[in-house]
Amino acid sequence: MKRLNRKKMRRSVSVIGMLIVALIAACVIVAYFAFGANLRQVNVSDYIMTAKIGERYEFRLDTERMIWELHLPVPPENEIGSYPEVAAIRSLDVAVTQNETGYHFETISTSTDANFSQLLRKAGVVLKNTQWDWTENDIIGSRATQPSDGFTEITLADYVTVSQKADGSYSATLNRDALLAVCAFDLPLDPTQHSGYNAIMSLSVGVSPTDGGYRLQTQSTMTTIMETLAENHIRIVHPSWTWTAEEMAAHTGAAAEAPLDPVAEQPQEQPPEDTPVTTVPPSGATNAQSAITSLYGFDQTAVRVAIRDAKKAYYGSKFQSGSVLMNLFAVGNATTPHKNCFRIVYDITTTEGAEYLIADVYDLFEESGYTAGDVTLKTVTTRADARSTSDLKDYTIYTLNGGSMVFAENASRSPFDENGLVMAKSISEPLTYAELWDIPQTSEYTLLQLLNFARNEMFARAGHQFPDGSYLRHFSSYDWYEPTGEKISLTDLAAKWPVAGTNTSTIRFIENLIVEG
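Model, not experiment: these values are computed from the prediction.

Caption draft 1: Representation of helix H6 (residues 176-183). With respect to burial, H6 is a largely interior element, seven of its eight residues being buried. Along H6, the residues classified as buried are Asp 177, Ala 178, Leu 179, Leu 180, Ala 181, Val 182 and Cys 183. Close packing links the buried residues of H6 with strand S8 (152-154), strand S10 (170-174), helix H7 (195-202), strand S13 (234-236), helix H15 (490-496) and helix H16 (498-516).

Rendered as structure tokens:
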């Protein structure tokens, strides 16, 4: 009986042991999927920046790009202690020694935190290939010195303008038009549906003071910004950087590669917080000439820029984002108080919340010279009120679809010439804003769509290889289109036809006025 009991006991212990082992294994598996599966293996060599000074190479680990691509927060310098995982990544560096075949790299850290590895795991990071060797050929072929993966690498500092506020602090403005031009996207007929376009338009730059100057950090309203940029073959190589006060002052002014603005920016005073928005339109025309009754042949640039300036002046630093909800042109009759009304309706987000802004310019004439003072503003809180035209019930209303409306004057004219080009002269002569607004629009194409064609046809004439889509189908139907099988960048285009680079920015400016106002 005792032997039998011992046997049963040994069997029970064995079963319990197996259950314990199974439980431990299950816990490990659960822990892996709960924690380890979400860890990103970071190849340190992917973030090495290389510079050659004379015959000597210098190397630096770009931890800021690593932080940016991992979607980690970028706190102000005085709050970095609350983000030890970010501090852990910033502490990373590489020690480089020269050997017989080239260079040996070893990942190091300046952190003295005993929980350094755990902090990296908290940041979602596992470092791999922390030691490696590069020959000189490896260095020459590295991403930092010679990108070979087809990505357009962007340094945002080249596209930033800073402004100093009344309290002495700084804000930064990103020249998105120039970024879009550099990316040279193959935009669809509606660029707002292009993920790369939306990614660029979501970018902004925040400014925070540091002990030695100012830290500028790339921000985005898009949660998948890095993945979306990567899908469109774009890489931001320096998402964060620091400038001294002198460098901030040097970057106050026009941003690099800014498109030509046809109307000089005039400083506008922001109305006090308690100043109500004007809701009463001007009493009548300010010019004795007859007001226009059609936008055909009318240069819309000055009017749209005046509205944009009025919007900026009204919101000032409260403005966060905005998009065009609707724009229209209303023609009055003999009994209406105004001959016409040009209207843009914005969907606005401010630091105080969301609202809709209605901007009107009354009694347009053939001449230009419009300023923010010619704009009547009104805010409403609902989308229905924003889209309402009840105040224009006695007017003939034309909705500006894609920046245009079709009139009898040009409805029968094709926007394309015999070679399928919208602006055949764009590679040899500068384009003007007036002639871009006067592109014949039909019921088939809006002005925005035709501007997309006008911009992309320059790349097509240089041999750009378009992906399957409307551009490839259109251009392939003409003998002059001879694709090289490669992507033609804006730099390539401007090198071949310098005036085309300028014309690209000119078209971009009009496109941006239509889409964003």
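Caption draft 2: Layout of the confidence of the model for the chain. Per-residue confidence for the chain gives a mean pLDDT of 76; residues scoring 70 or more make up 76%. Across the chain, the secondary-structure element scoring lowest on mean pLDDT is helix H1 (residues 2-34), at 54, and the one scoring highest is strand S18 (residues 376-380), at 93. Per-residue pLDDT stays below 50 along residues 28-37; that stretch engages in four contacts with residues further than four places along the chain or on separate chains. Counting contacts from residues 143-148, a segment whose pLDDT is below 50, to residues more than four positions away or on other chains yields 16 contacts.

Caption draft 3: Layout of the sheet that holds S18. Spatial strand order, S18-S17-S16-S15-S19: five strands in an open sheet with antiparallel pairing. Each having just a single partner strand, S18 and strand S19 (396-399) make up the two edges of the open sheet. Strand-to-strand twist of the sheet, defined as the mean angle between neighbouring strand axes without regard to direction, takes the value 25°. Relative to strand S16 (residues 340-350), helix H10 (residues 301-315) is tilted by about 35°, and along the sheet it contacts strand S15 (319-331), S16, strand S17 (353-362) and S18.

Caption draft 4: Expanded view of the sheet that holds strand S5 (residues 103-109). Pairing within the open sheet is antiparallel, and its three strands lie in the order S4-S5-S7. At either end of the open sheet lies a strand with only one pairing partner, and these are strand S4 (92-98) and strand S7 (131-134). The mean angle between the axes of side-by-side strands here comes to 30°, regardless of whether they run parallel or antiparallel. With four bridges connecting them, S5 and S7 associate as antiparallel partners. When the sheet's bridge partners are listed, Tyr 103 is paired in S7 with Trp 134.

Caption draft 5: Here's a closer look at the pattern of salt bridges. Taken as a whole and assessed by the stated rule, the structure comprises eight salt bridges. With a shortest N-O distance of 3.8 Å, Asp 309 and Arg 308 are connected by a salt bridge. For the pair Asp 309 and Arg 308, a shared accessibility class is recorded, and that class is buried. Across the pair Arg 343 and Asp 391 runs a salt bridge, and its minimum N-O distance is 2.7 Å. Separated by 48 residues along the polypeptide, Arg 343 in strand S16 and Asp 391 in the loop between helix H11 (383-387) and S19 bring together distant segments of the chain. Each of Arg 343, Asp 360 and Asp 391 takes part in one network of salt bridges that share partners.

Caption draft 6: Here's a closer look at the nonpolar core. Ranked by internal contacts, the top residues of the largest apolar core, which has 69 residues, are Val 160 and Leu 216. Here this core takes nine residues from helix H13 (residues 447-461), the largest share from any one element. If sequence neighbours within four positions are ignored, Leu 216 has contacts with Val 160, Val 162, Ala 172, Val 205, Gly 206, Val 207, Pro 239, Ser 240, Trp 241, Trp 243 and Met 248.

Caption draft 7: Broad picture of H16. Between its terminal C-alpha atoms H16 stretches 28 Å, which fits the 27 Å expected from 19 residues at 1.5 Å a residue. By the criterion of burial, H16 is predominantly enclosed, with 17 of the 19 residues buried. Backbone geometry just after H16 places Gly 517 at a positive phi near 80°.

Scoring rules and cut-offs
- Residues numbered from 1 in each chain as written.
- Predicted model: local features only at pLDDT ≥ 70, side-chain atom pairs only at ≥ 80, totals over all residues.
- Heavy atoms only, no water.
- Buried < 20%, exposed > 50% of the residue type's maximum accessible area, 1.4 Å probe, protein only.
- Helix = DSSP H or I, 4+ residues; strand = E, 2+ residues; numbered from the N terminus.
- Contact = heavy atoms within 4.5 Å.
- pLDDT = per-residue confidence, 0-100.
- Pairing = 2+ DSSP bridges.
- Axes fitted to C-alpha atoms, helices over the stretch in contact; angles between N-to-C directions.
- Salt bridge = Lys/Arg side-chain N within 4 Å of Asp/Glu carboxyl O.
- Core = buried A, V, L, I, M, F, W, Y, C linked by side-chain atoms within 4.5 Å.
- Expected span 1.5 Å × (residues − 1).

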